[in-house]
Amino acid sequence: MAVLGISAGMRHSETDALAEWKGICRRVDSYDGDDIAAGTNAEVCISENTSEIRVRVMEKILSIVIPAYNVEKYLEKCLASFEIQAILDRIEVLVINDGSKDHTAEIAQRYCEKYPETYFLYNKENGGHGSGINYGIRYATGKYFKVVDGDDWLNTEELEAFVKLLEETDTDIVAADFLCIQDETDTVLQEKHCTPCREQYGHIVDLTKGEVVDVIKMHALTIRSAILKQNHIQIDEHCYYVDCEYITYPIPFARTVYFYSKFLYMYRLGRNGQSMDIRSMQKNRMQHQKVLDSLLKFYAGLHGLSDGSMRYIERCIAQVVENQFQIYISMGCESGIKKELRNWDQGLKKRYPRIYSATRKKSITMLRRTNYTMLPIGTIVYKIVRSRR
């Protein structure tokens, strides 16, 4: 919890000095942030004649990091979802404005002025979603770290209890259920559960022993900030599809996972231009391949991990492989795609056989068993299924 202890009878000039000091600590371009960002307590003294201001900065419980690019339509709903008086002193909301051309910054600034101890705005040149996460990792001071996209929001009714849980636990990861929400209507499309094992809810399990069955998505993930900071977790910038890096790179340093059964994250779907829309994935498939290559390089450099951790990481990367297959299937009628898919998948099998085997989708199994000859038929079926949604 962040506490600012200020001596009684502070003069106006001392208030200004304190405000100036706090501004310096939050200024991206001139403050390194390592001391406070490391999650340690720091004491700063500012003297004016015989008066002294003593400021003790203690870590917040939860840092909510919002990578935001041109989300003026959605940001108000996002920021308002954290506006709970009972927890404002225990959370911090870092809006990373990624070079937006709309009114994203102005909306965030209003919340900064209203709650200067809770909301903070960082304006930066455009660097992509990964750069927003990297900024958040650098400047977050909370015990736990959560990414919330600027067009999504958290369930206000559950957030206070969630922060209390984080305050009381020391587990490496907290995984919470989330909802997929239809854009424009806010209709619930699907409930997403972070574990298929209902008996795991409310308990801590050991990831290193293989007790985490399903991959924990970004929307479900809350992680100890120290894991990200101390291990210098860095996400690719100027690139889409980096969520999978964010959920995979910290795993070698994590052991315990607590499963939380409430629906916390509200994940908006159906927005035009969304990166996971298949047309966007086709257009940006080389970026998707770039992220997959980064993950495979990361995997190749792993040594000495438990079998449980390795199998979990293999499953994380296999899901990216499955998405790459989806791109190929959607383009299956185009010239040269079948040959490209075959060469790529056979290369994966040769170099990363365990990741190759970790894919679970039946469509991929069918393509492999038929030497990819079924790709054009798979493309037709894929288009029919999508047209009916």
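Here's what I pulled together on the structure shown here. Here the structure is a predicted model, which means the values were calculated and not measured.

This part covers unusual backbone geometry. Of note, the phi angle at Asn70 is positive, near 50 degrees, even though the residue is not glycine. Secondary-structure assignment places Asn70 in the loop between strand S3 (62–68) and helix H3 (75–80). One non-glycine residue with positive phi stands out, namely Tyr372, at about 70 degrees. Along the chain, Tyr372 falls in the loop between helix H14 (362–369) and helix H15 (375–387). Overall, Tyr372 belongs to the buried group, its relative accessible area being 1%.

Its location among the elements puts Arg90 in the loop between H3 and strand S4 (91–98). Within the structure, Arg90 has its side chain in polar contact with the side chain of Glu167 (distance 2.9 Å).

What follows covers the pattern of salt bridges. Within this structure, the stated rule accounts for 20 salt bridges. Glu184 is the salt-bridge partner of Lys73, the closest N and O atoms lying 2.7 Å from each other. Of this pair, Lys73 sits in the loop between S3 and H3 while Glu184 is found in the loop between strand S8 (173–182) and strand S9 (188–192), placing the two residues 111 residues apart along the sequence. The pair formed by Lys73 and Glu184 is uniform in burial state, with each residue classed as exposed. Across the pair Arg268 and Asp183 runs a salt bridge, and its minimum N-O distance is 3.1 Å.

Moving on, we come to the nonpolar core. Ranked by size, the top nonpolar core spans 112 residues in total, and within it Ile66, Leu79, Phe82, Leu159 and Tyr246 carry the most contacts. By residue number, the principal contributor to this core is helix H11 (residues 307–330), which donates eleven residues.

On to the environment of Ile107. With respect to the helices and strands, Ile107 occurs in helix H4 (residues 104–114). Remark: the alpha-carbon pair of Ile107 and Leu75, spanning 32 residues in sequence, is separated by 7.3 Å. Setting aside residues up to four positions removed in sequence, Ile107 forms contacts with Glu72, Leu75, Glu76 and Leu79.

In this model, helix H10 (residues 285–300) (16 residues) spans 22 Å end to end at C-alpha, consistent with the 22 Å of a helix rising 1.5 Å per residue. What H10 keeps buried is the set Arg285, His288, Gln289, Val291, Leu292, Leu295, Leu296, Phe298 and Tyr299.

It is worth spelling out H14 at this point. Restricting attention to buried positions, one finds in H14 the residues Ile364, Leu367 and Arg368. An end-on view of H14 places all buried positions within 95 degrees of arc, on one side of the element. Set apart from the buried face of H14 by more than 90 degrees, the exposed residues are Lys362 and Arg369. Of the residues flanking the end of H14, it is Asn371, one or two places downstream, whose phi is positive at about 55 degrees.

The next point concerns the packing of aromatic side chains. Scanning the model with the defined rule gives twelve aromatic pairs in all. Look at Tyr111 and Tyr119: their rings are 5.1 Å apart centre to centre, the planes differ by 45 degrees, and that puts the pair in the tilted class. Each of the two residues, Tyr111 as well as Tyr119, counts as buried. Judged by centre distance (5.7 Å) and plane angle (35 degrees), the ring pair of Tyr115 and Tyr119 falls under tilted. With a relative accessible area of 2%, Tyr119 lands in the buried category. Through a chain of ring-to-ring contacts, the aromatic side chains of Tyr111, Tyr115 and Tyr119 assemble into a single cluster. The ring of Tyr135 has Lys124 sitting right over it, with the charged end atom 5.4 Å from the ring centre.

Glancing now at the state of the cysteines. Following the criterion strictly, the structure yields zero disulfides and no others. Residue Cys316 stays outside any disulfide, its sulfur separated by 9.0 Å from that of Cys244, the closest cysteine.

Residue placement: Ser81 occurs in the loop between H3 and S4. Separated by 76 residues in sequence, Ser81 and Glu157 have C-alpha atoms that sit 9.0 Å apart. Beyond its immediate sequence surroundings of up to four residues, Ser81 is in contact with Trp153, Leu154, Thr156 and Leu159. Within the local environment of Ser81, its side chain forms a polar contact with the backbone oxygen of Cys78, the two atoms lying 2.6 Å apart.

This brings us to the side chain of Glu322. Within the secondary structure layout, Glu322 lies in helix H11. Excluding its chain neighbours within four sequence positions, the residues that come into contact with Glu322 are Arg315, Ala358, Thr359, Arg360, Lys361 and Ile364.

Packing of H10 against helix H12 (residues 337–351) leaves a shortest axis separation of 14 Å and a crossing angle of 10 degrees. Of the possible angle classes, the one that applies to H10 and H12 is roughly parallel. Across the interface between the two elements, Arg285, Gln289, Leu292 and Leu296 from H10 touch Ile337, Glu340, Trp344 and Leu348 from H12. Taken together, the residues that form the contact of H10 with H12 break down as five nonpolar, one polar and two charged.

Covered by surrounding structure in strand S6 (residues 144–147) are Tyr144 and Lys146 together with Phe145 and Val147, the residues of both alternating faces. Of the strand pairs in this sheet, S3 and S6 are connected by four bridges, and their pairing is parallel. For Leu62, the partnering residue across the bridge sits in S6 and is Tyr144. Relative to strand S11 (residues 221–224), S6 runs antiparallel, the two being bridged by two bridges. Residue Tyr144 lies in a different strand from S11, and its bridge partner there is Arg224.

What counts, and where the lines are drawn
- Residues numbered from 1 in each chain as written.
- Predicted model: local features only at pLDDT ≥ 70, side-chain atom pairs only at ≥ 80, totals over all residues.
- Heavy atoms only, no water.
- Helix = DSSP H or I, 4+ residues; strand = E, 2+ residues; numbered from the N terminus.
- Buried < 20%, exposed > 50% of the residue type's maximum accessible area, 1.4 Å probe, protein only.
- Polar contact = N/O pair within 3.5 Å; in protein donor to acceptor, adjacent residues only side chain to side chain.
- Salt bridge = Lys/Arg side-chain N within 4 Å of Asp/Glu carboxyl O.
- Core = buried A, V, L, I, M, F, W, Y, C linked by side-chain atoms within 4.5 Å.
- Contact = heavy atoms within 4.5 Å.
- Expected span 1.5 Å × (residues − 1).
- Arc of directions from axis to C-beta.
- Phe/Tyr/Trp six-rings, centres within 6.5 Å; stacked < 30°, edge-to-face > 60°.
- Lys NZ or Arg CZ within 6 Å of the ring centre and 35° of its normal.
- Disulfide = S-S within 2.5 Å.
- Axes fitted to C-alpha atoms, helices over the stretch in contact; angles between N-to-C directions.
- Parallel < 35°, antiparallel > 145°, perpendicular 65-115°, else oblique.
- Nonpolar A, V, L, I, M, F, W, Y, C, P; charged D, E, K, R; others polar.
- Pairing = 2+ DSSP bridges.

As far as function goes, none of this settles anything; it's purely spatial.
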